Amino acid sequence: MAAVALFCAIVAASQDGLRGFAIAIVVGALAVYGLNEFLSRRMREPLERHGIDVERLRVE
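I will try to describe carefully the structure that is included in this document. (Residues numbered from 1 in each chain as written. Predicted model: local features only at pLDDT ≥ 70, side-chain atom pairs only at ≥ 80, totals over all residues. Heavy atoms only, no water.)

Time to look at the overall build of the protein chain. When you go through the protein chain residue by residue, the secondary structure sums to two helices and zero strands. Its C-alpha atoms give the protein chain a radius of gyration of 17 Å, clearly above 10 Å, the size a compact globule of 60 residues would have. Seen through its principal axes, the protein chain has C-alpha atoms that stretch 50 × 25 × 15 Å. Here the protein chain holds 60 residues, and 10% of them are scored as buried. For the protein chain, the computed accessible surface area is about 5200 Å², with 65% contributed by carbon and sulfur atoms. Charge-centre separation for the protein chain: the mean point of 7 positive side chains lies 3 Å from the mean point of 7 negative side chains. (Helix = DSSP H or I, 4+ residues; strand = E, 2+ residues; numbered from the N terminus. Rg over C-alpha atoms; globule rule 2.2 N^0.38 Å. Buried < 20%, exposed > 50% of the residue type's maximum accessible area, 1.4 Å probe, protein only. Areas by Shrake-Rupley, 256 points an atom, 1.4 Å probe, with all protein chains shown as cover. Lys, Arg positive; Asp, Glu negative; His and termini not counted. Charge placed at Lys NZ, Arg CZ, Asp CG, Glu CD.)

Okay, structure coming up:
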């Protein structure tokens, strides 16, 4: 997803310059962040439904 955002930003830069690049990078970063949050919450739901504490499963 990040690679697609970078590619789109490069294409936007060739059309609109630095301003287009910056806007495309910001939009891409927001999309990647939102997708990451959505997927992490989806992975937690089945475990929490069974009463498993997800924070205790983390390995440092």
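Looking now at the pattern of salt bridges. The full count for this structure, using the stated rule, is three salt bridges. Salt-bridge contacts for Asp 16 lead to Arg 19; the nearest nitrogen and oxygen are separated by 3.2 Å. Judged by its relative accessible area of 57%, Arg 19 is exposed. (Salt bridge = Lys/Arg side-chain N within 4 Å of Asp/Glu carboxyl O.)

Here we take up helix 2 (residues 18–49). Taking 1.5 Å of rise per residue, 32 residues should cover 46 Å, and helix 2 covers 47 Å from first to last C-alpha, within 8% of that figure. Of the positions making up helix 2, those classed as buried are Gly 20, Ala 24 and Gly 28. Among the residues trailing helix 2, Gly 51 stands out with phi positive, at a value near 80 degrees. (Expected span 1.5 Å × (residues − 1).)

In this model helix 1 (residues 2–16) runs 20 Å from its N-terminal to its C-terminal C-alpha over 15 residues, within 8% of the 21 Å that 1.5 Å per residue would give. Gly 17, located one to two residues past helix 1, shows a positive phi value of around 85 degrees.

On to the environment of Ala 5. Tracing the backbone shows Ala 5 in helix 1. For Ala 5, a relative accessible area of 15% corresponds to the buried category.

Scope: geometric values only; no functional claims are made or implied.
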